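Spelled out from the first residue to the last, the chains are:
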Amino acid sequence: MSTPRFLDLPPGVTPQKIETSQGTFAALEAVPVSGVVERWPALLVPGLTGSKEDFIAVLMTLAQSGRRVVAIDLRGQYETPGPDDPAAYTCAALGSDVDALAQVIGAGDPVHLVGHSFGGLVGREAVIDGRTRFASFTLMGSGPGAIEGRRAGNGRKIMEEVPSLGLEAIWHARFEPEALAQDVSDEILRFLRKRLLANSPTGLSCMAEQVLSMHDRTDELRQIEVPTLVLYGEHDDGWPPESQSEMAARLGAECVVVPGAVHSPSVEAPETTAAALVRFWNAAEKHFLDIRSNTV
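These numbers were taken from a predicted model, which means no experiment stands behind them. (Residues numbered from 1 in each chain as written. Predicted model: local features only at pLDDT ≥ 70, side-chain atom pairs only at ≥ 80, totals over all residues. Heavy atoms only, no water.)

**Considering helix H9 (residues 241-251)**
Considered for burial, the residues of H9 that qualify are Ser243, Gln244, Met247, Ala248 and Leu251. Down the axis of H9, the sector holding all buried residues measures 140 degrees, keeping them to one side. Opposite the packed face of H9, turned more than 90 degrees from it, sit the exposed residues Glu242, Glu246 and Ala249. At its buried positions, H9 is contacted by strand E6 (134-140), helix H8 (218-222), strand E7 (228-233) and strand E8 (254-258). Gly252 sits one or two residues past H9 and shows a positive phi near 65 degrees. (Buried < 20%, exposed > 50% of the residue type's maximum accessible area, 1.4 Å probe, protein only. Helix = DSSP H or I, 4+ residues; strand = E, 2+ residues; numbered from the N terminus. Arc of directions from axis to C-beta. Contact = heavy atoms within 4.5 Å.)

So this is what it looks like as structure tokens:
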């Protein structure tokens, strides 16, 4: 469970509802506090039990690089409603949502796409399906196939127990003890409970099944001409760091290991994470413009 350390929105960050052909999505939008929007926008996609709030700590810094930056709740996640149809929560279906969001946010410009954990698997679907031109793609704490280790065990429990026990019981049995062990504030504890209970039970269970069964699509992703970054915490307990490093090598992608971080670099090391993203995004844009100028 990705746990934000604060909820107060920084300057330049506001809640939004984004209308798309796939429906309405809850979002946090960041724009520069000073200066103007002069670079391509970015779309941030959270993980399985997360939400847009997982990116609060990086939003202002990312926007100050001259961009509009949008973090969203996936369909059925926290403040974005979702149906009871399991087919709406496959990675392919959620990837179509990301396509629709990117096309609205970009308004004709390419969009930098960042997917955290399960959000990386969803983002990968959007990149591979070829419906949208992305400026770059970042896999943040996200691996080549099904999640592994302790987090895989947690995913199985979610998949099996949510339909039978319900979200309230899961909160008390699993998520509340985990949050208390992190010694979070009462405000954060209330938020985590509210967020979990707002999820679509069908969506949460189906997304858990997806993250446990996803096959390796690294070779397919490699065929897409998009600058790619693999970024993860040095102590990641989702996909093993060595697995993510190997994936980066297979992709021919840049690889950034965030010192001291575990599975949520944007929460655990926000400044390091934001600096790496801005540098990567700037380089991707320069590369694109260089290619375009050479073909004119």
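**With respect to the pattern of salt bridges**
Per the counting criterion, the structure on display carries 18 salt bridges. Among the ionic pairs, Asp73 bridges to Lys52, the shortest N-O distance being 2.6 Å. Of the two residues, Asp73 sits in the loop between strand E4 (69-72) and helix H2 (91-106) while Lys52 sits in the loop between strand E3 (42-45) and helix H1 (56-63), which places them 21 residues apart along the sequence. One exposure class covers both Asp73 and Lys52, and it is buried. (Salt bridge = Lys/Arg side-chain N within 4 Å of Asp/Glu carboxyl O.)

**Focus on the nonpolar core**
Ranked by size, the top nonpolar core spans 89 residues in total, and within it Leu43, Leu59, Leu62 and Phe118 carry the most contacts. Every residue in contact with Leu59, bar those within four places of it in the chain, is listed here: Val13, Leu28, Ala30, Leu44, Val69 and Ala71. (Core = buried A, V, L, I, M, F, W, Y, C linked by side-chain atoms within 4.5 Å.)

**A word on the packing of aromatic side chains**
What describes a pair of aromatic rings is the distance from one ring centre to the other and the angle between the planes of the rings. Following the criterion strictly, the structure yields two aromatic pairs and no others. Here Trp40 and Phe288 contribute two aromatic rings whose centre-to-centre distance is 5.0 Å and whose plane-to-plane angle is 75 degrees, an arrangement assigned as edge-to-face. Of the two residues, Trp40 is situated in the loop between strand E2 (23-30) and E3 and Phe288 in helix H11 (residues 270-295); the sequence distance between them amounts to 248 residues. We classify Phe288 as partly exposed; its relative accessible area is 27%. Measuring from centroid to centroid gives 5.6 Å for Tyr78 and Phe191, while their planes differ by 90 degrees, and the two rings are edge-to-face. Here the residue Tyr78 occupies a position in the loop between E4 and H2, and Phe191 occupies one in helix H6 (residues 186-198), the gap between them amounting to 113 residues. As far as the burial class goes, Tyr78 and Phe191 line up, both buried. (Phe/Tyr/Trp six-rings, centres within 6.5 Å; stacked < 30°, edge-to-face > 60°.)

**What about the packing of helix H4 (residues 149-165) against helix H7 (residues 201-213)?**
For the pair H4 and H7, interaxial distance at closest approach is 8 Å and the crossing angle is 145 degrees. As for how H4 packs across H7, the hand of that crossing is left-handed. Between H4, through Ala152, Gly155, Arg156, Ile158, Met159, Val162 and Pro163, and H7, the contact on the second element is made entirely by Pro201, Leu204, Ser205, Ala208, Glu209 and Leu212. Class assignment of the residues belonging to the contact of H4 with H7 gives a composition of nine nonpolar, two polar and two charged. (Axes fitted to C-alpha atoms, helices over the stretch in contact; angles between N-to-C directions. Left-handed = near helix turned anticlockwise from the far one by under 90°. Nonpolar A, V, L, I, M, F, W, Y, C, P; charged D, E, K, R; others polar.)

**Considerations on the pairing of E7**
Most of E7 is tucked away, with six of its six residues classed as buried. Neither face of E7 is open: one carries Thr228, Val230 and Tyr232, the other Leu229, Leu231 and Gly233, and all of them are buried. In terms of strand pairing, E6 meets E7 through four bridges, oriented parallel. Along E7, the bridge assignment pairs Met140 with Leu231. The sheet contact formed by E7 and E8 spans five bridges and is parallel. Note that in E8 the partner of Leu229 across the bridge is Glu254. With H9 bridging E7 and its parallel neighbour E8, the resulting β-α-β unit is right-handed. (Pairing = 2+ DSSP bridges. Right-handed = clockwise from strand over helix to strand, strands pointing away.)

Remember, this is a structural readout, not a statement about activity or role.
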